[in-house]
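# Topology and contacts: notes
Chain residues, written in single-letter form:
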Amino acid sequence: QVQLVESGGGLVQPGGSLRLSCAASESIFNFYAMAWYRQAPGKERELVARITSTGWTNSEDSVKGRFTISRDNAENTVYLQMNSLKPEDTARYYCNAEKHVATIPIDYWGQGTQVTVSS
């Protein structure tokens with residue numbers, strides 16, 4: 001089992017920045033794709049950004065140029081740097097780890113951290 005613990009959320013003004021951290025309980029970066037998802041009240045959970053085990057990244061269109069996902073293998077931690085935050089970025093952000101056993105995807109989730117963008 002992989003345990004994921006997020007931190008770094010909080011209240012920030014529009015245009016501000018936050019860095020979210022996701023600490024994993026074991027070495028996952030050679031086998032797992034890591035991702036950040038978010039869910040706002042009344043909305044479905046959506047993918048924000050993803051980084052593969054080989055370091056390739058992609059992000060949702062609405063955050064391109066503002067959010068950056070990265071990893072630190074030595075610390076077994078994934079980050080989401082969020083700049084130029086907008087009120088519509090307000091959501092609970094979840095860390096996700098995914099691997100495939102044969103063709104079966106297996107996902108692990110953190111408890112989430114709240115990000116609120118408001119003046």
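Residues numbered from 1 in each chain as written. Predicted model: local features only at pLDDT ≥ 70, side-chain atom pairs only at ≥ 80, totals over all residues. Heavy atoms only, no water.

## A closer look at the pairing of strand β8 (residues 77-82)
Most of β8 is tucked away: five of the six residues are buried. Pairing analysis gives six bridges linking strand β3 (residues 18-24) to β8, with the strands arranged antiparallel. Paired with R19 across the bridge in β8 is Q81. Looking at chain direction, strand β7 (residues 67-72) and β8 are connected through six bridges and run antiparallel. By the bridge assignment for β8, D72 is matched with T77. If you look at the hairpin formed by β7 and β8, you'll find four residues sitting between the two strands, and N76 has a positive phi there, around 55°. (Buried < 20%, exposed > 50% of the residue type's maximum accessible area, 1.4 Å probe, protein only. Helix = DSSP H or I, 4+ residues; strand = E, 2+ residues; numbered from the N terminus. Pairing = 2+ DSSP bridges.)

## Description of the pattern of salt bridges
This structure, assessed with the given rule, holds four salt bridges. Among the salt bridges present, the one from D89 reaches R38, with a minimum N-O distance of 3.0 Å. A residue pair is termed long-range when its members are at least 10 positions apart, and D89 in the loop between β8 and β9 (91-101) and R38 in strand β4 (residues 33-39) qualify at 51 residues. A salt bridge links R66 to D89, with the nearest nitrogen and oxygen atoms 2.8 Å apart. In this pair, R66 sits in the loop between β6 (57-59) and β7 while D89 sits in the loop between β8 and β9, placing the two residues 23 residues apart along the sequence. What makes R66 buried here is its relative accessible area of 10%. Residue D89 is classed as buried on the basis of its relative accessible area of 1%. Overlapping salt bridges bring together R38, E46, R66 and D89 as one network. (Salt bridge = Lys/Arg side-chain N within 4 Å of Asp/Glu carboxyl O.)

## Examining the side chain of E6
By the element assignment, E6 lies in strand β1 (residues 4-7). Summary of buried charges: E6 has no salt-bridge partner, and the nearest side chain of opposite charge, R92, is 6.7 Å away. Here the side chain of E6 touches Q111 through a polar contact of 2.9 Å, landing on its backbone nitrogen. Within the local environment of E6, its side chain forms a polar contact with the backbone nitrogen of G112, the two atoms lying 2.9 Å apart. When neighbours within four sequence positions are excluded, E6 is seen to be in contact with S21, C22, W36, Y93, Y94, C95, G110, Q111, G112 and T113. (Lys, Arg positive; Asp, Glu negative; His and termini not counted. Polar contact = N/O pair within 3.5 Å; in protein donor to acceptor, adjacent residues only side chain to side chain. Contact = heavy atoms within 4.5 Å.)

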